[in-house]
Structures are given as C-alpha cells and as structure tokens.
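Spelled out, the chains give:
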Amino acid sequence: MKAVAVFPRTKEVKVIEHEAPQLTQPDQVKLRILDIGICGTDKEICAFEYGTSPPGSDYLVIGHESLGEVIEVGPAASRVKVGDLVVVTVRRPCPHPECRPCRAGYPDFCITGDYTERGIKGAHGFMTEEVVDHERYMHIVPPELRDVAVLTEPLTIAEKARDQIRQIVRRLPWLIPDIPEDMRRLPLTAVVLGAGPVGLLGAMTLLVAGCDTYVYALPPAPNPGSDIVEAIGGKYYSQGRIQVETQRALFGHIHLVYEATGVSRLAFEVLKLLGPNSVFIFTGVPSLKGAIEVDADLLMRNIVLKNQLVFGTVNASSENFDEAIRDIGIFHQRWPQALRALITSRSAPEEAPGVLLGKIGGIKNVITFSSRPA
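Remember, predicted model here, so these are calculated numbers, not experimental data. (Residues numbered from 1 in each chain as written. Predicted model: local features only at pLDDT ≥ 70, side-chain atom pairs only at ≥ 80, totals over all residues. Heavy atoms only, no water.)

Colleague: Tell me about helix α5 (residues 197-208), and please be specific about residues and values.
Modeller: Counted at 1.5 Å a residue, the expected span for α5 with its 12 residues is 16 Å, and the 16 Å between its end C-alpha atoms agrees. Along α5, the residues that are buried comprise Pro-197, Gly-199, Leu-200, Leu-201, Gly-202, Ala-203, Met-204, Thr-205, Leu-206 and Leu-207. Two residues or fewer after α5 comes Gly-210, characterised by a positive phi angle close to 95 degrees. (Helix = DSSP H or I, 4+ residues; strand = E, 2+ residues; numbered from the N terminus. Expected span 1.5 Å × (residues − 1). Buried < 20%, exposed > 50% of the residue type's maximum accessible area, 1.4 Å probe, protein only.)

Quick look at the structure:
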C-alpha cells in the first residue's frame, strides 16, 4: 500500500510501497486513513533534525496527526465498531517498571525517554493507506466533525496545558473551594505567542474558558491567522508593530502566556514582562542553533519576587484527546467558518513530499488519503 516515508541514512522523503498491516492481537483495530495533518515536527523530521525509524527498518513512515475510519475490529475490541471515525494517540509507554507515569497510563510524562511515538520515534506513523493499532489508543469522533477532526492532536497540547493550569491555580490561597465559582475566577488575561495551528487552537481554548485573549505573531495583519483571531473574538498584534510602552502596558498585566512558536528569543523577551502570580507555558521546541543572550538575573528576580510559574508541556494523555474532541465540537458550533479556515490546503499523498519540504504555505496543511468514509 501507499505510504510517505523518510529515509534518514540517504536523506530522502518519498512515496513508497509499504506492507499492509494485519490484525495480530485480539484487541487490535484496522483503520482506513482519511486525513493526516502536517506540522513543524514533521517538517523537522524531513529536514533530518530528528526522527527514528523502527528497529529493523531503514525508513520511518511519517505522520502523527490522524483521522481514520474503522474497517476491521479484533474479537476483544468492544468500544469501537466498523464505520466509526477515530483519532489515534501518538506516544506509547516505555517498558521500564520504575517509570510510574507510563505504568499509570501517562506516557506523556515518561521519565526514562524510552517511549515510542508513531511517526516520530521508533514506530511508523499514520501517513499511509491503512493502520493497525490497539483499541485503547483510539478515540471516537462524531460524524459531524469529519472535516475538522484532524485538528484533534494539535489541540491536545492546549488541553494538557489547561489541565495543568487548573491544578496550578489552586496554589493561590484565596481561591478556596468554599466561595462561589464566579468569585473564585480571576479576570484572566492571556497572551498566545504564535498564530500557527497550535497557537490558534490554544486561543480558541482560552476564549472558551473565558479569558481575554491576545495573539502576538510575526506577520502584520491582515493575514489568514489574524482573520481567524478576529473572527473568534481575540485581539491580534504583530511582532515589531507595537511600541515598547504599549507592549509593557499589555504584557505587564497578563496572567497567562501560552508560547506556541519555538522562537526562544521572543519567548524570553515576553517572559520578562510577565505579571505577578502569573504562568508561562512553553510548548515550542526550538531547533539547536547559536545561543541567545538572556537577562538571567532579571528573570530570576521576577520569578521569585512575583510568584511566577514557568513550565513546559509535551504530547498528551488519553483524557486530553477526549477533551480535544469535545472542544472541537464546541469550536464547530461557535466558530464553524473560523475552525474550517485553519485547514488551508488538502493534498494527495503523491504531493506530500513537496508539502513536507516546505513548498506550500498556509496554516494547517492536510494530506488526504480518502475524501469520505465509504
């Protein structure tokens, strides 16, 4: 069957013939792949910055943002049925008994680093015609979300961050459970760094949560990203287009920064402007290049004297996938056109190498293997 693969040794990206998978365990499920989203991770793998082939293979089938249709189920599979639409989680637990997160079902918090990730590290991905995986890694998507469900995996990043924020905010002693919910809620102001898919989906998540949300990105408005921000009720600012005084007035009063660029210089500049009792979330992974200058003394003083909290988040749990599917349903009801506008191109598998190598722009590019479920 057809698949899109990277060959690390020869540094090639091409469409290949890949062996069709078969059910080998009773709890496995076979999918016909419909859509695969392309993200910065995929492009970095295709630039051979990282990415690991499965043992015994000289290539890696790429793709981790999936949507598929169930076409066969094993005898022990009871939750999904033929015809269901599903998305599949990406990371698989490490084998080490001492890794409590993996043993508890949270490989996104793995402490050994020996996890595998489909389409990224040690396991073939989803950019192929058919895929087999265990039922426990599959999450059912309502049929009405068919056209946008491929956005589930990038949204899980914001879902995981939001879950952690809910726990972190409990550190503030005046937010006690005994007082009414409307009094416990802070008038949250949030800034999203970046107007790519992760940033825009994060902005939608923050707006649904009731935050006053700003998106700060490089391209000047108007552009497709700024149009989406305005359509969902956020405020868009372009990097370098605001006076320093205005930046301080804006960013000096925020409660939350959701970084979604992987641009370390921008992130640390904004971190300097973070307000008291506030939280900064890193989601981007910068490529390894020359070191940047950071005012470490100022950052350390602020973090201590302003009770700030900084954390990073990667991948997502099974619960985060369910939350993402739920929220895509909310976004679809509230902003149907803006949500669909995130997907700016759909290409055939034969065109995937060109898309992966950066020959097409846009917000979210999708490789479509099948236009509709049979």
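Resuming the write-up.
Colleague: Mind laying out the pattern of salt bridges, listing which residues take part and the relevant values?
Modeller: Under the criterion given, the structure shown has 20 salt bridges. With a shortest N-O distance of 3.3 Å, Glu-269 and Lys-272 are connected by a salt bridge. By relative accessible area, which is 42% here, Glu-269 ends up partly exposed. Overlapping salt bridges, with partners in common, bring together Glu-159, Arg-162, Arg-326 and Asp-327 in one network. (Salt bridge = Lys/Arg side-chain N within 4 Å of Asp/Glu carboxyl O.)

Colleague: Now, about the nonpolar core: what can you tell me, with residues and values included?
Modeller: Among the nonpolar cores identified, the biggest contains 50 residues, and Val-141, Leu-151, Leu-201, Met-204, Tyr-258, Leu-339 and Leu-342 are the most heavily contacted of them. Top contributing element to this core by residue count: α5, with six residues. Residue contacts for Val-141: discarding those within four places in its chain leaves Leu-67, Leu-85, Val-86, Val-87, Ala-149 and Ile-325. If you look at the next biggest cluster of nonpolar residues, it comprises 29 residues, including Val-4, Val-88, Val-90 and Met-138. (Core = buried A, V, L, I, M, F, W, Y, C linked by side-chain atoms within 4.5 Å. Contact = heavy atoms within 4.5 Å.)

Colleague: Explain the sheet that holds strand β2 (residues 12-17) residue by residue, including any values.
Modeller: Read across the open sheet, the three strands follow the order β2-β1-β4; overall the sheet is antiparallel. The open sheet has two free edges, formed respectively by β2 and β4 (60-61), since each of these has just one partner strand. Relative to β4, strand β1 (residues 2-7) is paired through two bridges, and the arrangement is antiparallel. Opposite Ala-5, over in β4, you have Val-61 as the bridge partner. (Pairing = 2+ DSSP bridges.)

Colleague: Outline the pairing of strand β6 (residues 85-88), listing residues and values.
Modeller: Burial along β6 is two-sided: Leu-85 and Val-87 facing one way and Val-86 and Val-88 facing the other are all buried. Bridging between strand β5 (residues 65-73) and β6 involves two bridges; their strand directions are antiparallel. Bridge pairing in β6 links Gly-68 to Val-86. The pairing of β6 with strand β11 (residues 138-141) spans four bridges and is antiparallel. Bridge pairing in β11 places Val-86 opposite Ile-140.

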